[in-house]
Amino acid sequence: MQTLGEFIVKKEHDFPHATGELTALLSAIKLGAKIINRDINKAGLLNILGANGVTNPQGEAQTKLDEFANGALKAALEARTEVAGIASEEEEDVVIFKGEKAKNAKYVVLMDPLDGSSNIDVNVSVGTIFSIYRRTTAIGLPITETDFLQRGRAQIAAGYIVYGSSTMLVYTTGCGVHAFTYDPSLGEFCLSHEAVRYPTQGHIYSINEGNYIKFPLGIKEYIKYCQQEDEATGRPYSSRYIGSLVADFHRNLLKGGIYMYPETASYPQGKLRLLYECNPMAFLAEQAGGKATDGTRLILDIDPTELHQRSPLFIGSQSMVEKVEQLIAESSKNTF
Ligand code: AHM
Ligand code: MG
């Protein structure tokens with residue numbers, strides 16, 4: 001059995017100039033994940049379910065657990081010398097850590113501390129998403145928001161923790177995707193899936209079909225395509241939608257499938273956030289042989305302009321993403 005810590009150190013030895021800083025940073029995320037895992041597992045007993053009466057920067061109701069998870073991860077990262085600052089779905093502005101060590105720290109971290117948190121009150125899987133970049137401001141100077149507004153392609157590492165029937169941490173540093181299952185009796189994440197790849201042919205599509213009427217024509221056509229019978233591609237595909245990006249992505253990664261959150265009349269730019277939801281998942285998808293686009297552009301090639309920028313997302317098995325792209329290209333986009 002190999003623990004996450006041992007695995008990361010072993011991988012670090014593959015890079016001759018590695019300093020161990022990224023390893024230490026990933027350990028901080030691991031610690032934050034363990035704390036979040038501990039508390040969401042007994043959320044119903046701790047009076048930490050439900051809303052906290054605050055709205056987050058996107059105007060969405062924040063839950064007590066959103067606030068708690070944000071605090072836990074932020075504290076774990078701030079305690080380290082490797083992180084200059086963070087950006088979070090739950091924070092209006094970037095948080096620039098104070099002190100000399102932060103001024104000299106190499107990395108910035110973007111995160112969605114508790115994705116799908118509206119599911120937690122009913123005991124459905126939720127997740128934490130993280131994305132790590134090297135700072136762009138020179139070492140020794142205070143970082144600014146610009147350090148966070150980098151293309152997804154520049155990510156050094158990204159991953160998620162899914163708090164499901166078991167808790168798993170899945171990450172990439174650009175050398176494949178590796179998954180670790182949490183063993184609560186040991187308090188350790190242990191390697192369970194090395195070098196994960198999407199199956200060649202997926203059979204699952206995940207989308208909130210309640211929004212069907214508001215979808216662009218290309219998406220409606222793709223849904224029809226998924227439902228048509230065809231032996232060669234194994235259609236009709238199964239429809240599976242949890243409403244937790246991390247959990248839907250995770251299932252589709254292991255079984256083969258596509259997750260879609262297109263632009264709709266209610267969300268003209270899509271619902272998901274480019275920097276701390278789409279980019280990290282896109283990095284993982286590409287590393288697992290899949291694809292992630294906003295319908296026309298690769299997610300990882302989009303130049304961000306705002307911290308909480310939204311984007312449509314089509315992510316999963318390559319052939320499925322390419323099919324939806326084809327149907328989007330063939331149809332007019334302005335037919336809500
Ligand atoms: P959140 O970060 O506020 O939880 O929102 C993101 C979530 C995703 O996890 C999920 O896939 C999507 O929103 C569900 O949205 P909808 O309820 O509109 O289908
Ligand atoms: Mg989210």
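Conventions adopted
- Residues numbered from 1 in each chain as written.
- Chains lettered and ligands numbered in written order.
- Predicted model: local features only at pLDDT ≥ 70, side-chain atom pairs only at ≥ 80, totals over all residues.
- Heavy atoms only, no water.
- Near = heavy atom within 4 Å.
- Polar contact = N/O pair within 3.5 Å; in protein donor to acceptor, adjacent residues only side chain to side chain.
- Areas by Shrake-Rupley, 256 points an atom, 1.4 Å probe, with all protein chains shown as cover.
- Helix = DSSP H or I, 4+ residues; strand = E, 2+ residues; numbered from the N terminus.
- Nonpolar A, V, L, I, M, F, W, Y, C, P; charged D, E, K, R; others polar.
- Domains from an automatic or database assignment.
- UniProt positions renumbered as here; feature names shortened; annotations may be inferred.
- 1 Å grid on protein atoms, 1.4 Å probe; cavity = no way out; pocket = protein on both sides within 12 Å on 5 of 7 lines; lining within 4 Å.
- Points joined across faces, edges and corners; volume = space filled by probe spheres on them.

**Considering the site of ligand 1**
Here comes step 1: Around ligand 1, the structure places 17 residues, and the nearest of them are Asp115, Tyr241, Leu245, Tyr259 and Tyr261.
Here comes step 2: Between ligand 1 and Tyr259 there is a distance of 2.6 Å, counted from an oxygen atom to a side-chain nitrogen or oxygen.
Here comes step 3: Within the side chain of Arg273, a nitrogen or oxygen atom sits 3.4 Å from an oxygen atom of ligand 1.
Here comes step 4: Protein contacts shield 84% of the accessible area of ligand 1, which totals 470 Å² for the unbound molecule.
Here comes step 5: Breaking the shell around ligand 1 down by element, the ones donating at least two residues are strand E5 (107–115) and strand E13 (257–261).
Here comes step 6: Residues of the shell around ligand 1, tallied by class, amount to five nonpolar, five polar and seven charged.
Here comes step 7: When residues of the shell around ligand 1 are assigned to domains, at least three map to each of domain 1 (4–193) and domain 2 (204–334).

**Considerations on the UniProt feature "domain: Fructose-1-6-bisphosphatase class 1 C-terminal" (unreviewed entry) in the chain**
Here comes step 1: Here the UniProt feature "domain: Fructose-1-6-bisphosphatase class 1 C-terminal" (unreviewed entry) sits at residues 199–327.
Here comes step 2: With 36% helix and 13% strand, residues 199–327 has its two end C-alpha atoms placed 22 Å apart.

**Notes on empty space enclosed by the protein**
Here comes step 1: Within the structure shown, the criterion is met by two cavities of 30 Å³ or more.
Here comes step 2: Roughly 40 Å³ of internal volume is contained in the second largest cavity.
Here comes step 3: Around the second largest cavity, the lining residues are Leu4, Ile8, Leu26, Ile29, Phe130, Leu169 and Tyr171.
Here comes step 4: Listed by contribution, the elements that provide at least two residues to the lining of the second largest cavity are helix H1 (4–12), helix H2 (21–41) and strand E8 (167–172).
Here comes step 5: Across the lining of the second largest cavity, the residue classes break down as seven nonpolar, no polar and no charged.

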